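# Fold and geometry: a report
Single-letter residue listing:
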Amino acid sequence: IGKSLLTGRQVVVTAGPTREKIDGVRFISNYSSGKMGFALACAAARRGAEVVLVSGPVALPTPDRVERIDVESAEEMEEAVTRFHQSCDLFIGAAAVADYRPETFRAGKIKKNNETMDIRLVRNPDILAGFAAQKTPGQLAVGFALETEGNEAYALEKLQAKQLDMIAFNTYDGKSSGFEVDTNQITLFTADGTRTELPVMEKKEAAKRMLDALEKMLEKK
Ligand code: C5P
């Protein structure tokens, strides 16, 4: 384990999708694989950080020296994360949290009795914004913005709206960047106005580059 500014610091990472139950056998979710969040957790642990990985349902092994908490829904993820609000030094929201969940849960299996069916959805809590809104000056909040339109302006809006210290703007092309694949193309924006465009690279490498940038920010804290 290498010595770094992250050594001994608590790093909380959310990863993977969330599942929002419709009934006892069905749910709403997305294609997030969890790879980016797991790569970040692994890289932070290798630098000696005390890592808590709060993960939705994914098919990935737990990285060495990482404490993993498995959750299913956004509300469960929020509950798990809240426990570390005070203690964590760095919070990285890499999970693809479902924006909405079914308003009601019906036990058992809904029957197909009609030609159409409506499911009313309600907004989920914003886990990352919830952390950022209460963080102290010594804590860092980092998020991702995955945009199919490739518009950086959305990432900058989120950086401000969620009061983040850094946002990783992530293009989604379905081939070399985004869900399920092993590579990513990200551009890092910081609250103090820097823009760093990284080339397409392995998510593991992208994770290290993000941590390098975050260590520089911790240095200034
Ligand atoms: O607003 P949007 O979903 O694009 O923001 C993405 C960022 O916010 C990601 O870092 C994601 O993990 C986080 N997020 C969250 N809780 C939500 C929605 C997004 O933590 N309900």
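Just so you know, these numbers come straight off a predicted model, no measurement behind them.

### Concerning the overall build of the chain
Helix and strand counts for the chain stand at five helices and 14 strands. Over its C-alpha trace the chain gives a radius of gyration of 18 Å, about what one expects of a compact globule, namely 17 Å for 221 residues. Counting only C-alpha atoms and orienting by the principal axes, one finds that the chain spans roughly 60 × 35 × 30 Å. Looking at the chain residue by residue over its 221 residues, the buried ones come to 47%. Roughly 11,500 Å² of accessible area belongs to the chain as shown, and the carbon and sulfur atoms make up 48% of that amount. The averaged location of the 32 negative side-chain charges in the chain is 3 Å from the averaged location of its 30 positive side-chain charges.

### Points about the confidence of the model for the chain
When pLDDT is averaged across the chain, the result is 95; 99% of the residues are at 70 or more. At the level of chain-chain contacts, confidence expressed as ipTM amounts to 0.97, with global pTM at 0.96.

### Quick word on the pattern of salt bridges
Evaluated as defined, the whole model comprises 15 salt bridges. One salt bridge connects Asp165 with Lys135, and the closest N-O pair in it is separated by 3.0 Å. One end of the pair, Asp165, is in the loop between helix H4 (152-161) and strand E10 (166-171); the other, Lys135, is in the loop between helix H3 (127-134) and strand E9 (140-147), and 30 residues separate them in sequence. Exposure remark for Asp165: the relative accessible area of 9% places this residue in the buried category.

### Considerations on the side chain of Asn184
Position of Asn184 among the secondary structure elements: in strand E11 (residues 183-184). Among the polar contacts made by the side chain of Asn184, one reaches the side chain of Ser177 at a distance of 3.0 Å. Excluding residues within four positions of it along the chain, Asn184 makes contact with Met36, Asn170, Ser176, Ser177, Gly178, Pro199, Val200, Met201 and Lys203.

### Structural notes on the UniProt feature "binding site: CTP" (unreviewed entry) in the chain
Mapped onto this numbering, the UniProt entry annotates "binding site: CTP" (unreviewed entry) at Asp99, Lys109, Pro125, Asp126, Ile127, Leu128, Phe144, Lys158 and Lys162. Spatial dispersion of the annotated residues is evident: they stretch over 64 residues in sequence, and the largest pairwise C-alpha distance comes to 37.8 Å. Within the fold, Asp99 resides in the loop between strand E6 (90-93) and strand E7 (100-102). Judged by relative accessible area, Asp99 falls into the exposed class, the value being 54%. Non-local contacts of Asp99, meaning those with residues more than four positions away in its chain, are made with Val122, Arg123 and Asn124. Positionally, Lys158 belongs in helix H4.

### A few points about the site of the ligand
The environment of the ligand is formed by 13 residues, the closest being Gly93, Ala95, Pro125, Leu128 and Lys158. Between the ligand and Ala95, the relevant distance is 2.7 Å, taken from an oxygen atom to a main-chain nitrogen or oxygen of the residue. Between a nitrogen atom of the ligand and a main-chain N or O atom of Pro125, the distance comes to 2.7 Å. Contact with the protein chains removes 84% of the 450 Å² of surface that the ligand exposes when unbound. Those elements giving two or more residues to the shell around the ligand turn out to be H3 and E9. For the shell around the ligand, the per-class residue count stands at seven nonpolar, two polar and four charged.

### Digging into the sheet that holds strand E13 (residues 195-197)
Pairing is mixed in the open sheet, where eight strands are placed in the order E5-E4-E1-E6-E9-E10-E12-E13. The two strands at the open ends of the sheet, each matched to only one other strand, are strand E5 (66-70) and E13. Averaged over neighbouring strand pairs, the angle between their axes works out to 15° when direction is ignored. Pairing between strand E4 (residues 50-55) and E5: five bridges, direction parallel. Looking at the pairing, Val54 lines up with Ile69 of E5. In this fold helix H1 (residues 35-46) packs onto strand E1 (10-15), E4, E5, E6 and E9, with an angle of close to 165° to the strand it touches most, E4.

### What to know about helix H2 (residues 74-82)
Buried within H2 are the following residues: Ala74, Met77, Ala80 and Val81. With its buried residues spanning 125° around the axis, H2 presents them on a single face.

Reading the values: rules and limits
Residues numbered from 1 in each chain as written. Predicted model: local features only at pLDDT ≥ 70, side-chain atom pairs only at ≥ 80, totals over all residues. Heavy atoms only, no water. Helix = DSSP H or I, 4+ residues; strand = E, 2+ residues; numbered from the N terminus. Rg over C-alpha atoms; globule rule 2.2 N^0.38 Å. Buried < 20%, exposed > 50% of the residue type's maximum accessible area, 1.4 Å probe, protein only. Areas by Shrake-Rupley, 256 points an atom, 1.4 Å probe, with all protein chains shown as cover. Lys, Arg positive; Asp, Glu negative; His and termini not counted. Charge placed at Lys NZ, Arg CZ, Asp CG, Glu CD. pLDDT = per-residue confidence, 0-100. Salt bridge = Lys/Arg side-chain N within 4 Å of Asp/Glu carboxyl O. Polar contact = N/O pair within 3.5 Å; in protein donor to acceptor, adjacent residues only side chain to side chain. Contact = heavy atoms within 4.5 Å. UniProt positions renumbered as here; feature names shortened; annotations may be inferred. Near = heavy atom within 4 Å. Nonpolar A, V, L, I, M, F, W, Y, C, P; charged D, E, K, R; others polar. Pairing = 2+ DSSP bridges. Axes fitted to C-alpha atoms, helices over the stretch in contact; angles between N-to-C directions. Arc of directions from axis to C-beta.

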